[in-house]
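Fold and geometry: a report
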Amino acid sequence: MARNAVKKASLVGEMGFIKGGGKVNWFPGHMASATRAIRDRLKLSDFVIEVRDARMPLSSKNDELQPLLAGKKRVVALNKKDLANPNIMHKWVRYFDSIKQDCLTINAHSRSSVQKLLDLVEYKMKEAICKEPTLLILVVGVPNVGKSALINSIHQIASSRFPVQEKRKRATVGPLPGVTQDIAGFKIAHQPSIYVLDTPGVLIPSIPDIETGLKLAVAGSVKDSVVGEERIAQYLLAVLNSRGTPLHWRRFMDAETDRRLESEDKPDYSLENLLPKRKRPPSIKSDVVYIEDVVTRVQGALCRTLTEFNGSLEDEGDFGDLIDQQFEALQKALKIPHKTSEARTMASKKFLTLFRMGKLGPFILDDVPDH
């Protein structure tokens, strides 16, 4: 059993075997121009919806825009609340309340959740609605926090909330950070005319804090290829181990061993085929059942390796050895041939996909500030 199993998670990114990769720097040309355009529109906006990832309420903010946002009426929408730990989320809500910042946890794909956000925005803008003929709401956030999904949900319910007279246009939604590369405006109400502007996700030009950069990478706000899938997975494993998370998966250990023995001869599946297909009726061994089987094997493997670990998580060498053992266990759990040259990268990609889909459970990567 691991000794000193709980290491301060916020220090994980500073460990040598993770820190060695250097600073994260992803700032394509379109981000520089987009940042300038956002600054210009912020000056004209009447209200700002700042979308952040509920799994990292502080790390997913754009520090460069904060001085400009401070002088605006604003609500922080913590999106993807379905992927965040509800036992910790309420502490974050209290934190934002303590600093006098309006905050709401949302699921951008939920009609009722978005309606609550619109109700709050409408309440905060009630004075302006009575006085101004035209109002501008700006939606901002770093890449891949769900801004476009939120815009689309607003459009879907706008007809029942506002007397919209124009055909609504959907925003492009994609799984890769940086999909929305220009600023598009959408009219959602008339009398007064209310426009919502969706903006591209922009990061600060350089992320000097390695921990923040790695969190952004884990959540998918930075392209995997920039940081490297293995390094991202390495960091995620280190965070899970430092919190003792795999020890909560003990019930999967026996199941993982049994499945490993009985399914040696079963064919492998690519992670791309894990989700159910729309036009295909479910088979006896459906994709949903299969992905649950994969999750059980992965959780069981990580629990087993941490339970059998005899080193100290306070020792970087021991911790690094544990991570290496877990990569081997992941390769077996995900049925990746051990001799494959890209085995570790393949395991990293599949492991990260499971985490991002929420299949490994709800998490919040940021620690709540003391005050």
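Residues numbered from 1 in each chain as written. Predicted model: local features only at pLDDT ≥ 70, side-chain atom pairs only at ≥ 80, totals over all residues. Heavy atoms only, no water.

Named according to an unreviewed UniProt entry, the protein chain is Short integuments 2, mitochondrial originating from Salvia divinorum.

Quick look at the packing of helix H10 (residues 229-242) against helix H14 (residues 343-356) now. Where H10 meets H14, the closest approach of the two axes is 8 Å, and the angle between their N-to-C directions is 55°. Taken together, H10 and H14 sit at an angle that is classed as oblique. Crossing hand, H10 versus H14: left-handed. Counted together, Glu229, Glu230, Ile232, Ala233, Gln234, Leu236, Leu237 and Leu240 of H10 and Arg344, Thr345, Ser348, Lys349, Phe351, Leu352, Phe355 and Arg356 of H14 form the full contact between these two elements. Tallied by class, the residues present in the contact of H10 with H14 amount to 8 nonpolar, 3 polar and 5 charged. (Axes fitted to C-alpha atoms, helices over the stretch in contact; angles between N-to-C directions. Helix = DSSP H or I, 4+ residues; strand = E, 2+ residues; numbered from the N terminus. Parallel < 35°, antiparallel > 145°, perpendicular 65-115°, else oblique. Left-handed = near helix turned anticlockwise from the far one by under 90°. Contact = heavy atoms within 4.5 Å. Nonpolar A, V, L, I, M, F, W, Y, C, P; charged D, E, K, R; others polar.)

Of the residues in the protein chain, 74% reach a pLDDT of 70 or more, and the chain-wide mean stands at 81. The least confident element of the protein chain, judged by mean pLDDT, is helix H1 (residues 16-19) at 56; the most confident is strand E3 (residues 103-105) at 98. Counting contacts from residues 1-10, a segment whose pLDDT is below 50, to residues more than four positions away or on other chains yields 32 contacts. Note on residues 170-176: pLDDT is under 50 here. Beyond four places in sequence and across chains, it has 17 contacts. (pLDDT = per-residue confidence, 0-100.)

So, about the nonpolar core. In terms of nonpolar packing, the biggest core is built from 80 residues, with Ile49, Leu150, Val298, Phe351 and Leu360 touching the most fellow members. If one sorts the elements of this core by residue count, helix H12 (residues 287-308) sits on top with 9 residues. For Val298, the residues in contact, after removing those within four places along its chain, are Leu330, Ala333, Leu334, Phe351, Leu354 and Leu360. Membership of the second largest hydrophobic core comes to 11 residues, among which are Ala34, Val140, Leu197 and Val202. (Core = buried A, V, L, I, M, F, W, Y, C linked by side-chain atoms within 4.5 Å. Buried < 20%, exposed > 50% of the residue type's maximum accessible area, 1.4 Å probe, protein only.)

Between side chains of opposite charge, a pair can form as their charged atoms come close. By the definition in use, this model includes 11 salt bridges. A salt bridge links Arg297 to Asp293; its shortest N-O distance comes to 2.6 Å. One end of the pair, Arg297, and the other, Asp293, are both in helix H12, 4 residues apart, so they sit about a helical turn from each other. Taken as a pair, Arg297 and Asp293 share a single burial class, namely buried. Through salt bridges with shared partners, a single ionic network connects Glu50, Arg52 and Arg74. (Salt bridge = Lys/Arg side-chain N within 4 Å of Asp/Glu carboxyl O.)

So, about the packing of aromatic side chains. Under the definition given, this model contains 4 aromatic pairs. Between Phe355 and Phe363, the aromatic rings sit 5.4 Å apart at their centres with planes inclined by 40°, giving tilted as the arrangement. For Phe355, a relative accessible area of 3% puts it in the buried group. We classify Phe363 as buried; its relative accessible area is 8%. Members of the aromatic cluster, joined through ring pairs, are Trp92, Tyr95 and Phe96. (Phe/Tyr/Trp six-rings, centres within 6.5 Å; stacked < 30°, edge-to-face > 60°.)

The backbone phi angle of Lys100 is positive, close to 60°, even though this residue is not glycine. The topology assignment puts Lys100 in the loop between helix H4 (86-98) and E3. You can call Lys100 exposed: its relative accessible area is 74%. Of note in the backbone geometry, Lys335 takes a positive phi value of approximately 55° without being a glycine.

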